[in-house]
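# Examining the three-dimensional arrangement
Chain by chain, the residues run as shown.
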Amino acid sequence: MSELEARFRELAPATSRSLIQGEPCGGGELLPVWHPDTGQPLLELQEADAGDVQRAVAAAREGFEAGSWSRAPLLERQQVLQRVAELIENHADELGGLDSLSTGLLYHRSTRRQAISAAAWFRYYAELIGSTGESLFRQLPDTHTLVTREPVGVAGLFTPWNIPVMGAALKLAGALAMGNSCVLKPSELSPLGPERLVQLLLEAGIPEEVLHLVNGRGTVTGAALAAHPDVSLVSFTGGETAGAAIASQAASRFAKTTMELGGKSANIIFPDADLDLALDGALAAIYSNNGEACLAGSRILVHRKIADRFIADFVDRARALKLGGCFDDEAELGPQVSSQQLARVLSFADQLQEEGGELLTGGRRADLAGDKLADGYFVLPTVAFAPNNSLSVCQEEIFGPFATFLIFDDDEQAVQIANDTRFGLAAYVWTGNLDRALKVSQALRSGTVLINTPMQRERNAPFGGYGHSGVDREGGRWSLDFYSEAKTTVIPFGGTTIPKMGKA
Ligand code: NAD
């Protein structure tokens, strides 16, 4: 075990718990959490049961009504959020290390950077709430109409395992900035980083009646939170199945929702692109974050003229990727998060061949025999060729290091294939022709289009998807709108003429 891993293992608790009013608790089952590098038990998770969730929401509601945070002066909220950012920065190593231990995401390439980005979200919203004005309208004569934003109430925040600390931070920063109380429900596969994050937020001065953490399975802890009538706002990041269940429950009580779901993003390579750059970009878009990225460029659409060479070069580079444990600083691809996820990725290699596709490389468990990682959840970087876009590998989100090539003959066909999916999260376009880039970008039904670049996230811009990739947007001022209610206040001045009803 490396020194780094030993250090983070020492920091990890033997049992991860929930935090309600700052107190560790959990009345539910003890669940094992595995280390993806080795397939060995890492720690236990004490699940929050329905009673714990009830207590967390009740405390959050009371905290909201009491006003220590919801009615705190803006400056006070800004100062606390800035302190949160500072504390996260000071603990970025620890947060990144804890995330890597439970997810297998590479510390040097993924989780440490995600922790730094988590801090940046708190700084960003601390500043934005101080500079975003509210509105005064004067269309009515001698009347001022004010539109202000008010906190909503208790926010139920659901996050996945592929961005444990960063995903939680993005939601907490926006929701807290607008004065809401929060109950965070992270993935049961990755409880360590979010638990430490919540401890840091409390240490920075977020009142303990305002912020609570409930840990456990989606079907137990998550379901209890989603169904709670006092949760007036739901922000969910995860898969479409859980998203649909949670969204319908929220709709039945008219709770606001934002859904950040999966994708099957197209990466379109035109022959006039800088092909070396496009190759680097295509590899990064599918193999970063162990292939476990919502916006992975999992369908690579390449023009027929350049297809043979581009695909051959891609396969060579994919075969040369260095696999390794999450703290190996040379590793480019780590393990999958769980044995279920490993089996799921491999099942697509079988389906591909049954449905008439071709496996170009990978599609099986990595053979690390003799290595201490032999029982880890490693899958070889996989490349497939699909004769058409109807194959399962082109329609289903695999969420692993699995790239599928498709061939197109002209721009129209490229757009048609790219849009032929129920998802619409991201799309990538590689071309040296600005007209083509803009025309294609306009025609793509996708929440984000990236031209000649792998993913970059601008904090001021909205992020989210079309269709089954989600509902509404987060990021920038879109989060501030989502995490607040708009209130209109009408104030006439200089005398108001009102018909004197009932007075003859
Ligand atoms: P998931 O849907 O299984 O779980 C997400 C969260 O919801 C977890 O906390 C889980 O415990 C909880 N949950 C699951 N079922 C639930 C239920 N029935 N009721 C209440 N809560 C429930 O997703 P995952 O496997 O953790 O994450 C992978 C998915 O997340 C992928 O589809 C990926 O594309 C998506 N994702 C999307 C974005 C985005 O911004 N669009 C970002 C990251 C991940």
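Residues numbered from 1 in each chain as written. Predicted model: local features only at pLDDT ≥ 70, side-chain atom pairs only at ≥ 80, totals over all residues. Heavy atoms only, no water.

## What to know about the sheet that holds strand β17 (residues 402-408)
Ordered in space as β15-β16-β17-β14-β13-β18-β19, the 7 strands form an open sheet in which the pairing is mixed. For this open sheet the edge positions go to β15 (358-361) and β19 (448-451), each flanked by a neighbour on one side alone. Here the strands of the sheet are splayed against their neighbours by 25 degrees on average, with no regard to which way each runs. Along the sheet, helix α11 (residues 304-319) contacts β13 (266-269), β14 (299-303), β15, β16 (382-385) and β17; its crossing angle with β14, the most-contacted strand, is approximately 140 degrees. Contacts between helix α12 (residues 339-354) and the sheet are confined to β15, β16 and β17, with β15 contributing the most and set at about 130 degrees to the helix. (Pairing = 2+ DSSP bridges. Helix = DSSP H or I, 4+ residues; strand = E, 2+ residues; numbered from the N terminus. Axes fitted to C-alpha atoms, helices over the stretch in contact; angles between N-to-C directions. Contact = heavy atoms within 4.5 Å.)

## Topic: the environment of Lys-264
Tracing the backbone through its elements, the reader meets Lys-264 in the loop between β12 (256-260) and β13. Once the C-alpha coordinates of Lys-264 and Gln-395 are considered, the two residues, 131 residues apart in sequence, prove to be 6.9 Å apart. Excluding anything up to four places from it in sequence, Lys-264 contacts Ser-298, Arg-299, Val-393, Cys-394, Gln-395, Glu-396, Glu-397, Ile-398, Thr-421 and Phe-423. Among the polar contacts made by the side chain of Lys-264, one reaches the main-chain carbonyl oxygen of Glu-396 at a distance of 2.9 Å. (Polar contact = N/O pair within 3.5 Å; in protein donor to acceptor, adjacent residues only side chain to side chain.)

## A few points about the sheet that holds strand β7 (residues 143-151)
One open sheet holds the 3 strands; their spatial order is β6-β7-β21, and the pairing between them is antiparallel. This sheet does not close on itself; its edge strands, each paired only once, are β6 (135-137) and β21 (484-492). Ignoring strand direction, the axes of neighbouring strands in this sheet form an average angle of 25 degrees. As judged from the 9 bridges shared by β7 and β21, these two strands associate in the antiparallel manner. Paired with Pro-151 across the bridge in β21 is Ser-484.

## Quick look at the domain arrangement of the chain
When its domains are assigned, the chain resolves into domain 1 (3-261 + 469-489) and domain 2 (266-451). On a C-alpha basis, the centres of domain 1 and domain 2 stand 30 Å from each other. Opposite the 29 residues of domain 1 that make contact, domain 2 presents 31 residues. Summed over both partners, the interface of domain 1 with domain 2 comes to about 2,300 Å²; 57% of that surface belongs to carbon and sulfur atoms. Contact with domain 2 buries area across many residues of domain 1, yet Asp-37, Leu-106 and Ser-469 alone supply 25% of it, more than any other trio. At the junction of domain 1 and domain 2, the tally comes to 1 salt bridge. The partner of Glu-240 in a salt bridge is Arg-422, with the nearest N and O atoms 2.6 Å apart. There are 12 residue pairs in polar contact (both at pLDDT 80 or more) connecting domain 1 and domain 2. Elements with a contribution of two residues or more to the side of domain 1 that touches domain 2: α1 (3-11), β4 (30-35), α4 (92-103) and α5 (107-131). Its residues assigned to classes, the side of domain 1 that touches domain 2 shows 11 nonpolar, 13 polar and 5 charged. (Domains from an automatic or database assignment. Buried area = accessible area lost by both parts, 1.4 Å probe. Salt bridge = Lys/Arg side-chain N within 4 Å of Asp/Glu carboxyl O. Nonpolar A, V, L, I, M, F, W, Y, C, P; charged D, E, K, R; others polar.)

## Focus on the pattern of salt bridges
Considering all chains together, one arrives at 23 salt bridges under this definition. Bridged by salt links that share partners, the residues Arg-7, Asp-93 and Arg-112 form one connected network.

## Comments concerning helix α9 (residues 240-252)
With 13 residues, α9 should cover 18 Å at 1.5 Å per step; its first-to-last C-alpha distance of 18 Å lies within 8% of that length. For α9, the complete set of buried residues consists of Gly-243, Ile-246 and Ala-250. The buried side chains of α9 occupy one side of the element, clustering within an arc of 75 degrees when seen end-on. Facing away from the buried side of α9 by over 90 degrees, the exposed positions are Thr-241 and Ser-252. (Expected span 1.5 Å × (residues − 1). Buried < 20%, exposed > 50% of the residue type's maximum accessible area, 1.4 Å probe, protein only. Arc of directions from axis to C-beta.)

## Some remarks on the state of the cysteines
Taken as a whole, this structure holds 0 disulfides when the rule is applied. Free cysteine Cys-25: the closest other cysteine sulfur is in Cys-182, separated by 17 Å. Free of any disulfide, Cys-294 has its nearest neighbouring cysteine sulfur in Cys-394, separated by 19 Å. (Disulfide = S-S within 2.5 Å.)

## Structural notes on the site of the ligand
For the ligand, the set of nearby residues contains 27 residues, the closest of which are Lys-185, Glu-188, Gly-239, Leu-261 and Glu-397. Between the ligand and Trp-161 there is a distance of 2.9 Å, counted from an oxygen atom to a side-chain nitrogen or oxygen. In this structure, Glu-188 approaches the ligand through a side-chain N or O atom, which is 2.7 Å from an oxygen atom. Those elements that place two or more of their residues in the shell around the ligand are α8 (218-227), β11 (231-237) and α9. When residues in the shell around the ligand are grouped by element, the largest group, 3 residues, is from α8. (Near = heavy atom within 4 Å.)

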